[in-house]
Amino acid sequence: MQTILLHLLAASLYAGLGIHFWRNNVAGRKASPRQSMSIGERITMLGAILAHGWALQEALFPGGGMQFGFGFAVSLVIWLAVCFYWIETFYARLEGLHGFVVTAGAGGSLLPLIFPGQHALANAGSPAFRAHFIIAMLAYSLFTLAALHAMLMAIAERQLHSGRLTRTFANLPPLLTMETLLFRLIGIAFLLLTLTLSSGIVFSESLFGQAFRLDHKTVFAIISWLLFGALLVGRKIWGWRGRVALRWTLAGFTTLVLAYVGSRFVIEVVLGRAA
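Here the structure is a predicted model, which means the values were calculated and not measured.

K.L.:
Just give me the short version of the overall build of the protein chain, but keep the residues and values in it.
P.N.:
Across its full length, the protein chain carries 10 helices and two strands. Taken from the N to the C terminus, the helices and strands of the protein chain come in the order α-α-β-α-α-β-α-α-α-α-α-α. Considering the protein chain as a whole, with its 275 residues, one finds that 45% of them fall into the buried category. Taking the contacts inside the protein chain whose residues are at least 6 apart along the sequence as the reference set, 81% of them involve residues at least 24 apart.

Okay, structure coming up:
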């Protein structure tokens, strides 16, 4: 019951902030632009993050073990992405993105209640396994935030070219700012994904208790790593940006999602309900 209340509290705080931010976007208050969130907004968002994180901690680590499932996987990825975004707001003006992020946070905090299925993870007591797990989830969360950025940039760019820029997208940060943040996210996430893959392959037996297997999850993760690596190389050598960068970002993220979330969704949600 406590975990359910924490998820509902987090969703309520996110939703309240979302309504507030969307109203500001619709009102189009540009007379006195702010460089960041107000103190009240920042504290409220931190409260939502803490409630969301506490709920996940209670559900994922019961009695020293470790439980995991589709709803909790997506919720954890979104929570980490919101955490990173909250920190990033101290360094960049991102106010036009606030409504999108807290809306995602509200949805993510409710997912464990909608898809409560969980299973115990083997070797969860191993510090090496937990470090591997945390690094992997951080990579997923940063790529999730990068994909959100890419989609918003694609929509904003299309509206700019058509001459029909809505007020919501007019309040987004400049595309150059968003592009800089996009590649910062991708660079950090790519490093974390590299650590995840290399540790999983080299230390598979100590981490998972079995020899390395080239299963579908590993194949999709490697393909995603290659796509993001090619994007970073293309950016460095040929100056890739704009639509080219957005397409590579979304392709890499889609492949990464298929590595875990897609298969887990089918196993736990589709097949579980059919059984």
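K.L.:
Can you tell me about the side chain of glutamine 159, naming the residues and giving the values?
P.N.:
By secondary structure assignment, the location of glutamine 159 is in helix H5 (residues 127–162). What makes glutamine 159 buried here is its relative accessible area of 15%. With near-sequence residues (within four places) excluded, glutamine 159 lies in contact with Arg164, Leu165, Thr166 and Phe169.

K.L.:
Tell me about the confidence of the model for the protein chain, residues and numbers included.
P.N.:
Residues at a pLDDT of 70 or more form 84% of the protein chain, whose mean pLDDT is 81. Per-residue pLDDT stays below 50 along residues 30–34; that stretch engages in seven contacts with residues further than four places along the chain or on separate chains. Scored below 50 in pLDDT, residues 265–275 makes 15 contacts in the model with residues more than four places away or belonging to other chains.

K.L.:
Explain the side chain of histidine 132 residue by residue, including any values.
P.N.:
By the element assignment, histidine 132 lies in helix H5. Engagement of the side chain of histidine 132 in a polar contact is seen with the side chain of serine 199, the distance being 2.9 Å.

K.L.:
Please set out the nonpolar core residue by residue, giving values where relevant.
P.N.:
Of all hydrophobic cores here, the largest spans 72 residues; its most connected members are Tyr14, Met45, Leu76, Met137, Phe143 and Leu172. Here methionine 45 is in contact with Leu17, Met37, Val82, Tyr85, Trp86, Val101 and Val102, once residues within four sequence places are set aside.

K.L.:
With reference to specific residues and values, describe the packing of aromatic side chains.
P.N.:
Using the criterion set out here, one finds six aromatic pairs in the structure. With centroids separated by 4.9 Å and ring planes inclined at 80 degrees, the aromatic side chains of tryptophan 22 and phenylalanine 100 adopt a geometry described as edge-to-face. With tryptophan 22 in helix H1 (residues 2–27) and phenylalanine 100 in helix H4 (residues 98–114), the pair connects residues that are 78 residues apart, well separated along the chain. For phenylalanine 100, a relative accessible area of 16% corresponds to the buried category. Relative to phenylalanine 90, the ring of tryptophan 86 lies with its centre 5.1 Å away and its plane at 85 degrees, an arrangement referred to as edge-to-face. A cation over a ring is seen here: arginine 42 above tryptophan 86, with NZ or CZ 6.0 Å from the ring centre. Directly above the aromatic system of phenylalanine 183 lies the positively charged group of arginine 235, at a separation of 4.1 Å from the ring centroid.

K.L.:
An account of the packing of helix H7 (residues 175–202) against helix H9 (residues 216–238) is needed here, citing residue identities and associated values.
P.N.:
Working note: a packed helix pair is described by the angle between its axes plus the distance between those axes. At their nearest, the axes of H7 and H9 sit 10 Å apart, and the two run at 140 degrees to each other. In terms of orientation, H7 lies oblique with respect to H9. Here the hand of the crossing between H7 and H9 comes out left-handed. Here H7 contributes Glu179, Phe183, Ile186, Gly187, Phe190, Leu193, Thr194 and Leu197 to the contact with H9, which in turn contributes Ala221, Ile222, Ser224, Trp225, Phe228, Gly229, Leu231, Leu232 and Arg235.

K.L.:
Lay out the environment of glutamate 88 with the relevant residues and their values.
P.N.:
Along the chain, glutamate 88 turns up in helix H3 (residues 70–88). Glutamate 88 sits 93 residues away from leucine 181 along the chain, and the two C-alpha atoms are 9.0 Å apart. In terms of polar contacts, glutamate 88 uses its side chain to reach the side chain of arginine 184, at 2.4 Å.

K.L.:
Report on the environment of lysine 217, specifying residues and quantitative values.
P.N.:
Along the chain, lysine 217 falls in helix H9. The class of lysine 217 is partly exposed, set by a relative accessible area of 31%. Residues lysine 217 and alanine 259 lie 42 residues apart in sequence; the distance between their C-alpha atoms is 4.1 Å.

Rules behind the numbers
Residues numbered from 1 in each chain as written. Predicted model: local features only at pLDDT ≥ 70, side-chain atom pairs only at ≥ 80, totals over all residues. Heavy atoms only, no water. Helix = DSSP H or I, 4+ residues; strand = E, 2+ residues; numbered from the N terminus. Buried < 20%, exposed > 50% of the residue type's maximum accessible area, 1.4 Å probe, protein only. Contact = heavy atoms within 4.5 Å. pLDDT = per-residue confidence, 0-100. Polar contact = N/O pair within 3.5 Å; in protein donor to acceptor, adjacent residues only side chain to side chain. Core = buried A, V, L, I, M, F, W, Y, C linked by side-chain atoms within 4.5 Å. Phe/Tyr/Trp six-rings, centres within 6.5 Å; stacked < 30°, edge-to-face > 60°. Lys NZ or Arg CZ within 6 Å of the ring centre and 35° of its normal. Axes fitted to C-alpha atoms, helices over the stretch in contact; angles between N-to-C directions. Parallel < 35°, antiparallel > 145°, perpendicular 65-115°, else oblique. Left-handed = near helix turned anticlockwise from the far one by under 90°.

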